[in-house]
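Fold and geometry: a report
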Amino acid sequence: MTTPLELVCPAGTPAGLRTAVDAGAHSVYCGFRDETNARNFPGLNFDRAEMREAAAYAHAHGAKIAIALNTFMRAGSTDLWKRGVDDAVAAGADALILADVGLVDYARKAHPKQRLHLSVQAAAATPEAIAFYRDRFGIARVVLPRVLTVEEVSRLTAHAAPCETEVFVFGGLCVMAEGRCMLSSYATGKSPNMTGVCSPPSHVTYREDRDALVACVGGFTIERFERGEPAGYPTLCKGRFVADGTMSHLFEDPVSLNAVTLLPRLAEIGVTAFKIEGRQRGRAYISTVVRAFRKVIDAMAAGKKIDLDELRGLTEGQRDTVGAYKKTWR
Amino acid sequence: MRGHLPPIFANAAGMLPLLSLEVVARHLMSNAMAARPSFAARLGEYSGRTFAVDPVDCPFVFVLTPQDGGTHLSVVREAVGFDARIAAPLVVLLGMIDGTYDGDALFFSRDLSIEGDTEAVLALRNAIENADLDLSTVLGFPQAMQGPVNRAARQVFMRVRRLLDAPEDSGPNGVANGVNLS
């Protein structure tokens, strides 16, 4: 291993950030309390003062902070996003995670020395797309979509250099090309792309029905969990539907990504950073997952064997998958 | 049921006058709010909503209305007229307050259920997460005593949770953080 691997961890609150740093995160990503970031949930995220304190805490403990402004600017109302970029730089961000090409252009011109990462929301999944962002805007790292195989990640990483690659290794799984998925917009009028929320809680309801839990999004019944059956997130892509007379999780099973067994291979092909999903999760999740992955990364460096059963209890549907990295889906 | 108090405890708790429970609960809540003044600000527009926090193994329900000037709390036998309800065994609810449990994981495993205004529930969960509460803060202990009290409380709660077959501890206050490396 020539470059030290970076463990990139989520934080939805200042307490979550301190937990991630204390648990061994090399860097933490977070966002402001508005629609500029793709986890715009109630009670979550940082105001300006909290962000400055968070950056100071991370730096004092040897960690970095990346601020996500990874939704797409609204026509006629781009100031919110540009102000977010300026405030993130002023707060001491080590990197900005951006998706909108216009905002990338603004950030590069307004802050020429600022390190920029390309969000997974930009869906840059070809050598040409990555090269464009790298050569035109000096993007230092691209977060790759969760729809690629290990071999595809390998080829992209080779083409992207000197731009680094970052891949998701644990947490919620999007089967769709992120930044382009319209399912949430269709059902609720809101989306992670524009307003920072997928299947927003304002449009989600649960009700008990004869011992079963029924989940609805935007008035559509998407799932019925029978008594004792593990539940999942109330997103349309993880609902159970009838098609051709058969009921199934048509788009995606409610399972979490867990690519821990692939870490050595991903490191070997040159991936720089391993990302844990879950800014909406609690301190218990952050602490457990970050500690576990940090130990694995340290163990890899020391040539030790790894065993990670403890992560299963935190996974959606209580099950996990290596996702698209090994194409075993239906 | 996993994590449920034995019926004898629940029955004994049921014999306590609701007013005495309410006085104690209000005192603890007041300590927590004094230590975490930004709690209501994090709730934002969901401040003022009424939450029924239902320990399903106990014969009472806590009804909270967090507000900027202070949180109103009452203890009732049966909650009506709430915006959202959060239900789980008592030890599980306590474990969410001190960060032992992750709310999403409890929801996935069906140890916790919610109904009503989902958005308000999320706001409350996230505000509690950020409050980073522990027993000594809730009890109003001085700073110097907090370390030893919290360490002892973690051990006691962990044993109680194991005794009740509650969901496994995880997180900053859990003890099962190790990864087996051989």
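Focus on the overall build of chain B
Per the secondary structure count, chain B includes eight helices and six strands. Going from the N terminus to the C terminus, chain B shows its helices and strands as α-α-α-β-β-β-β-α-α-β-α-α-α-β. Computed over C-alpha atoms, the radius of gyration of chain B comes to 16 Å, within 12% of the 16 Å expected from 2.2 N^0.38 for 182 residues, which places it in the range of a compact globule. In terms of principal-axis extent, the alpha carbons of chain B reach across some 55 × 35 × 30 Å. Counting only residues that meet the buried cut, chain B has 49% of its 182 residues in that class. For chain B, restricting intrachain contacts to residue pairs at least 6 apart in sequence, the fraction spanning at least 24 positions comes to 66%. About 8500 Å² of surface is accessible on chain B, with carbon and sulfur atoms providing 60% of the total. Taken together, the 14 basic and 20 acidic charged side chains of chain B have centroids lying 6 Å from each other.

As for the sheet that holds strand β10 (residues 220-225) of chain A
Residue and element names in this part refer to chain A. The strand order β8-β9-β10 describes an open sheet built from three strands, whose pairing is antiparallel. In the strand order of this sheet, the two ends are held by β8 (204-209) and β10, each with one partner. In this sheet, adjacent strand axes meet at a mean angle of 25° when their direction is disregarded. Here β8 pairs with strand β9 (residues 212-217) via six bridges, running antiparallel.

Let's talk about the packing of aromatic side chains
Residue and element names in this part refer to chain A. For the coordinates displayed, the defined rule picks out 10 aromatic pairs over all chains. Judged by centre distance (6.1 Å) and plane angle (25°), the ring pair of Tyr-186 and Phe-220 falls under stacked. Separated by 34 residues along the polypeptide, Tyr-186 in helix α7 (residues 183-188) and Phe-220 in strand β10 bring together distant segments of the chain. Here Phe-220 falls in the partly exposed class, since its relative accessible area comes to 37%. An aromatic cluster is defined as three or more aromatic residues linked by ring pairs; in this entry it consists of Phe-132, Tyr-133 and Phe-137. Between the NZ or CZ atom of Arg-146 and the centre of the ring of Phe-168, over which it lies, the distance is 3.9 Å.

What counts and what doesn't
Residues numbered from 1 in each chain as written. Chains lettered and ligands numbered in written order. Predicted model: local features only at pLDDT ≥ 70, side-chain atom pairs only at ≥ 80, totals over all residues. Heavy atoms only, no water. Helix = DSSP H or I, 4+ residues; strand = E, 2+ residues; numbered from the N terminus. Rg over C-alpha atoms; globule rule 2.2 N^0.38 Å. Buried < 20%, exposed > 50% of the residue type's maximum accessible area, 1.4 Å probe, protein only. Contact = heavy atoms within 4.5 Å. Areas by Shrake-Rupley, 256 points an atom, 1.4 Å probe, with all protein chains shown as cover. Lys, Arg positive; Asp, Glu negative; His and termini not counted. Charge placed at Lys NZ, Arg CZ, Asp CG, Glu CD. Pairing = 2+ DSSP bridges. Axes fitted to C-alpha atoms, helices over the stretch in contact; angles between N-to-C directions. Phe/Tyr/Trp six-rings, centres within 6.5 Å; stacked < 30°, edge-to-face > 60°. Lys NZ or Arg CZ within 6 Å of the ring centre and 35° of its normal.

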